[in-house]
Amino acid sequence: MNSPLCTIPRTIALCVAAGLLWSSAATAGDIEDSNSACLDCHDGEESAIHFADGATLTVGISADAWKKSGHAAEVRCKDCHAAIKDYPHPAVNFPTKRAYQLDRAQSCKRCHYAYHTKAQDSIHAKELAKGNQKAPTCTDCHGMHNEADKADRQAVTLRCGSCHAKISAQYAQSVHGEGWGKASANVPMCVDCHGAHAILDPRKAAFHTRSWDICSKCHADAEKMAGTGLSTQVVETYLDDFHGRSNERYAQGAGTPGKPIATCSDCHGVHDIRSFRAAKKNGTLQSEVIVACRKCHKDAPPAFADAWLSHEPPTLATAPLVVLIQWGYRVLIPLIMAGLVLHILLHLWRARVHR
Ligand code: HEC
Ligand code: HEC
Ligand code: HEC
Ligand code: HEC
Ligand code: HEC
Ligand code: HEC
Ligand code: HEC
Ligand code: HEC
Ligand code: HEC
């Protein structure tokens, strides 16, 4: 115990506590004692560790914040900081602060191996593996020493925004982001659509083809839509339409389409979703929707937008031809089937009775 800290009278008691910690093998009941031995030095500590590029990181850990964290009751500091057995601690040799953080985050997998494994397939882990150190590791979303480290979707959504600032700002203005502040709103946050640990690359065709299913988790669910006044037939009507039918087949495993087929987000946007209600009221719906159609159907005339039947199931008033053809099928197909069966029965009868 010949650390510079121990020469300061104020810390003599702390050094004794630390000595006690390291001389006894801690049992489960010792968790709090074990941690307070570390915190006695670290709470409010102002010294820092240094990195080769000149950056520094102060080693103060707030004891109050730690006690509110998800780990405080069951985990010891030493469980994550396994290399630290004594003071002075082993030297810290990292080129940058980020390299240090990425290295220390490897400690999580000891206990949360399932999450570690799941996260390996995510776009973030792939970026890290490629050497993109800006991509997040466990601690960028969860932290490690604070109350906010609990697995809270809302807190984590703010953290997504710390790196994806542009998207996050767009989202805040969208119908979903606006609803976020309302107590009753069941609006989606980043992780509801992207997941948390197995975030896939949304620019891949396979993601696009299935993305309507993300929306269906809420927009086809009467309970989640309760109080919003929104139709829960939007998914059903989409799937009954030409684009939806094709995408559903591909999502069920028919490969990937040669070119993207319209899904919810092609008409509504994604992070910037707005209601079409105002456009409907002002009579500008057609001119707004045609912009979406032209992303794929180049040079489509304005009236082309009307090929979209809206999310209303077709009725005699709105789409008489569709309804008549539907009813035509409903009557014709049973009649043809009945005729077929009758035909076979007559044959059998003839074969047996009128040989
Ligand atoms: C005697 C005071 C003292 C005690 C007790 C103490 N530390 Fe430290 N710790 C420091 C100081 C000072 C630093 C700054 C770097 C240095 O001087 O080594 C530090 C640095 C650290 C670091 C950053 C460097 C690294 O290796 O990642 C960690 C983590 C750390 N301590 C964890 C712990 C844990 C866990 C315990 C309890 C098992 C503990 N400390 C006990 C004083 C102490
Ligand atoms: C759940 C694992 C975990 C536990 C438990 C934990 N730490 Fe850490 N700690 C980390 C990680 C990971 C880092 C890397 C720092 C980063 O990403 O900023 C770190 C960094 C530190 C640092 C360096 C300064 C800093 O803010 O980054 C100190 C000091 C430290 N821990 C002390 C403690 C003490 C004291 C305790 C117990 C009260 C503790 N740690 C408990 C995971 C943990
Ligand atoms: C020594 C084993 C151990 C290590 C190492 C560990 N954890 Fe944990 N973690 C636990 C236990 C035990 C719980 C359960 C606490 C509970 O459910 O009350 C937990 C819970 C959590 C939770 C949920 C907390 C909540 O209240 O919602 C998160 C998030 C978490 N850990 C993240 C991490 C991260 C990030 C790391 C690495 C920096 C890490 N853990 C390292 C044992 C560990
Ligand atoms: C991009 C952000 C992000 C990253 C990176 C991340 N997580 Fe999470 N994690 C979350 C969110 C959000 C939740 C909340 C649950 C949910 O919505 O799935 C969560 C939940 C958890 C939980 C608690 C589950 C529960 O129900 O109590 C643990 C444990 C956990 N993560 C560990 C880890 C570990 C270990 C890593 C690193 C391999 C990691 N996480 C990486 C965002 C992330
Ligand atoms: C520490 C910063 C950081 C955090 C926190 C973070 N990301 Fe990322 N994310 C990145 C980086 C870096 C990439 C790689 C591509 C790039 O450079 O834009 C990426 C890529 C992605 C991609 C793939 C699309 C693309 O542009 O490559 C998605 C989707 C994504 N992140 C969603 C999220 C979500 C959702 C959260 C919160 C749960 C989150 N991210 C948290 C840094 C972060
Ligand atoms: C309502 C569901 C939903 C929510 C909420 C959502 N996303 Fe997305 N996100 C998507 C879809 C769908 C795509 C694919 C867009 C496409 O097909 O062009 C996407 C694409 C992305 C991309 C890659 C493409 C790009 O534009 O760079 C990133 C990064 C991303 N989201 C991050 C976030 C973050 C961060 C949040 C939270 C602020 C968030 N998303 C919230 C559904 C969502
Ligand atoms: C977690 C549930 C959830 C998910 C997932 C979700 N939404 Fe929503 N959405 C809502 C809620 C709740 C509202 C109502 C918000 C309000 O009025 O405050 C809403 C509102 C809307 C509106 C506005 C309707 C209007 O005219 O007012 C559109 C459009 C919309 N969502 C499209 C989508 C699309 C497209 C997706 C998929 C990319 C999606 N939503 C995913 C819950 C969800
Ligand atoms: C081809 C373009 C297009 C596609 C694809 C599309 N929508 Fe719409 N959606 C619209 C238009 C235009 C409106 C406004 C006119 C109306 O009410 O029918 C609308 C209205 C809505 C509304 C408001 C309904 C209400 O009760 O006021 C919601 C919610 C919605 N769509 C969600 C979705 C979801 C979820 C999907 C995918 C399953 C989807 N949309 C696919 C064009 C589209
Ligand atoms: C993301 C690209 C994309 C967008 C946006 C899009 N479509 Fe399509 N659409 C397709 C593809 C691809 C097909 C042919 C494929 C299929 O369904 O198998 C198609 C087929 C059609 C068909 C069937 C007849 C034909 O031309 O093959 C009609 C009608 C149609 N779309 C109307 C619309 C309308 C109206 C809009 C705007 C509200 C729209 N589409 C927006 C990609 C798109």
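These numbers were taken from a predicted model, which means no experiment stands behind them. (Residues numbered from 1 in each chain as written. Chains lettered and ligands numbered in written order. Predicted model: local features only at pLDDT ≥ 70, side-chain atom pairs only at ≥ 80, totals over all residues. Heavy atoms only, no water.)

Draft legend 1. Fine view of the overall build of the protein. The helix and strand tally for the protein stands at 21 helices and two strands. Going through the 355 residues of the protein one by one, you find that 24% of them count as buried. Considering only residue pairs separated by 6 or more positions, the protein has 52% of its internal contacts joining residues 24 or more positions apart. About 24,000 Å² of surface is accessible on the protein, with carbon and sulfur atoms providing 60% of the total. (Helix = DSSP H or I, 4+ residues; strand = E, 2+ residues; numbered from the N terminus. Buried < 20%, exposed > 50% of the residue type's maximum accessible area, 1.4 Å probe, protein only. Contact = heavy atoms within 4.5 Å. Areas by Shrake-Rupley, 256 points an atom, 1.4 Å probe, with all protein chains shown as cover.)

Draft legend 2. Quick look at the coordination of the iron atom of ligand 4. Bound to the iron atom of ligand 4 on the protein side are His142 (NE2) and His197 (NE2), at distances that span 1.9 to 2.0 Å. Around the iron atom of ligand 4 sit six donor atoms, and with donor-metal-donor angles ranging over 87 to 179° the site reads as octahedral. Pair noted here: His142 is in helix H8 (residues 138-142) and His197 is in the loop between helix H12 (190-194) and helix H13 (205-210), with a separation of 55 residues, a long-range link. (Donors = N, O, S within 2.8 Å, 3.2 Å for Na, K, Ca; no water. Tetrahedral: all angles 85-135°; square planar, octahedral: opposite > 155°, others 65-115°.)

Draft legend 3. Seen up close, the site of ligand 5. Neighbouring ligand 5 are 18 residues; His124, Cys160, Cys163, His164 and Arg203 lie closest to it. Separating a nitrogen atom of ligand 5 from a side-chain N or O atom of His124 is a distance of 2.7 Å. Between ligand 5 and Arg203, the relevant distance is 3.0 Å, taken from an oxygen atom to a side-chain nitrogen or oxygen of the residue. Looking at the shell around ligand 5, the elements with two or more residues in it are helix H7 (123-129), helix H9 (153-163) and H12. Per element, the largest residue contribution to the shell around ligand 5 is four residues, and it comes from H9. Considering only residue class, the shell around ligand 5 consists of ten nonpolar, four polar and four charged. (Near = heavy atom within 4 Å. Polar contact = N/O pair within 3.5 Å; in protein donor to acceptor, adjacent residues only side chain to side chain. Nonpolar A, V, L, I, M, F, W, Y, C, P; charged D, E, K, R; others polar.)

Draft legend 4. Region of interest: the environment of Lys118. Structurally, Lys118 is set in helix H6 (residues 113-119). By relative accessible area, which is 48% here, Lys118 ends up partly exposed. Taking C-alpha positions, Lys118 is 9.6 Å from Ile199, a pair spaced 81 residues apart along the chain. Once residues lying within four places of it in the same chain are set aside, the contact partners of Lys118 are His197 and Ala198.

Draft legend 5. Here's a closer look at the packing of aromatic side chains. As enumerated under the stated definition, the model contains two aromatic pairs in all. An angle of 45° between the planes, with centres 5.5 Å apart, marks the rings of Phe51 and Tyr100 as tilted. In this pair, Phe51 is assigned in the loop between strand E1 (48-50) and strand E2 (56-58) and Tyr100 in helix H5 (residues 97-104), connecting sequence segments 49 residues apart. Across the pair, exposure class does not vary: Phe51 and Tyr100 are buried alike. Seen from their ring centres, Phe94 and Tyr100 are 5.6 Å apart, and the 70° between their planes marks the pair as edge-to-face. Here Phe94 falls in the buried class, since its relative accessible area comes to 17%. Among the aromatic side chains, those forming a connected cluster through ring pairs are Phe51, Phe94 and Tyr100. Sitting over the ring of Trp327, Arg330 keeps its end group 4.8 Å from the ring centre. (Phe/Tyr/Trp six-rings, centres within 6.5 Å; stacked < 30°, edge-to-face > 60°. Lys NZ or Arg CZ within 6 Å of the ring centre and 35° of its normal.)

Draft legend 6. Here's a closer look at the coordination of the iron atom of ligand 6. The iron atom of ligand 6 binds to the protein through His194 (NE2) and His271 (NE2), with metal-donor distances spanning 2.0 Å. Viewed at the metal, the six donor atoms of the iron atom of ligand 6 are separated by angles of 87 to 178°, and the geometry they form is octahedral. Within this pair, whereas His194 is found in helix H12, its partner His271 is found in the loop between helix H18 (264-268) and helix H19 (277-282), the two being separated by 77 residues in sequence. The partly exposed category is assigned to His194, whose relative accessible area is 27%.

Draft legend 7. Spatial organisation of the side chain of Thr157. Examined against the element boundaries, Thr157 turns out to sit in helix H9. In contact with Thr157, not counting residues within four places along its chain, are Trp180, Met189 and Cys190.

Draft legend 8. The pattern of salt bridges, seen in detail. Per the stated rule, a full pass over the model turns up six salt bridges. A salt bridge links Asp79 to Arg76; the nearest nitrogen and oxygen atoms lie 3.1 Å apart. For Asp79, a relative accessible area of 19% corresponds to the buried category. Among the ionic pairs, Arg203 bridges to Asp201, the shortest N-O distance being 3.1 Å. (Salt bridge = Lys/Arg side-chain N within 4 Å of Asp/Glu carboxyl O.)

Draft legend 9. Summary view of the environment of Lys68. Here Lys68 is to be found in the loop between helix H3 (63-67) and helix H4 (77-80). Each C-alpha atom of the pair Lys68 and His145 lies 8.7 Å from the other, and the pair is 77 residues apart in sequence.

Draft legend 10. Geometry of unusual backbone geometry. The residue after Tyr87, namely Pro88, is reached through a cis peptide bond having omega 0°. In this structure, Pro88 sits in the loop between H4 and H5.

Draft legend 11. A look at a nonpolar patch on the surface. There is a patch of nonpolar side chains on the surface, built from Leu321, Ile325, Tyr329, Leu332, Ile333, Ile336, Met337, Leu340, Val341, Ile344, Leu345 and Leu348 and spanning about 1,200 Å² of accessible area. By the element assignment, Tyr329 lies in helix H21 (residues 320-353). (Patch = residues over 30% accessible without salt bridge, like charges linked within 9 Å, V, L, I, M, F, W, Y side chains within 5 Å.)

Draft legend 12. Region of interest: the confidence of the model for the protein. Per-residue pLDDT for the protein averages 86, and the proportion of residues at 70 or more is 90%. Low pLDDT, under 50, characterises residues 1-26; the stretch is placed with 30 contacts to residues that sit more than four places away or in other chains. (pLDDT = per-residue confidence, 0-100.)

Draft legend 13. Spatial organisation of the environment of Lys259. Along the chain, Lys259 falls in the loop between helix H17 (242-251) and H18. Here the alpha-carbon distance between Lys259 and Cys296, two residues 37 residues apart in the chain, equals 9.1 Å.

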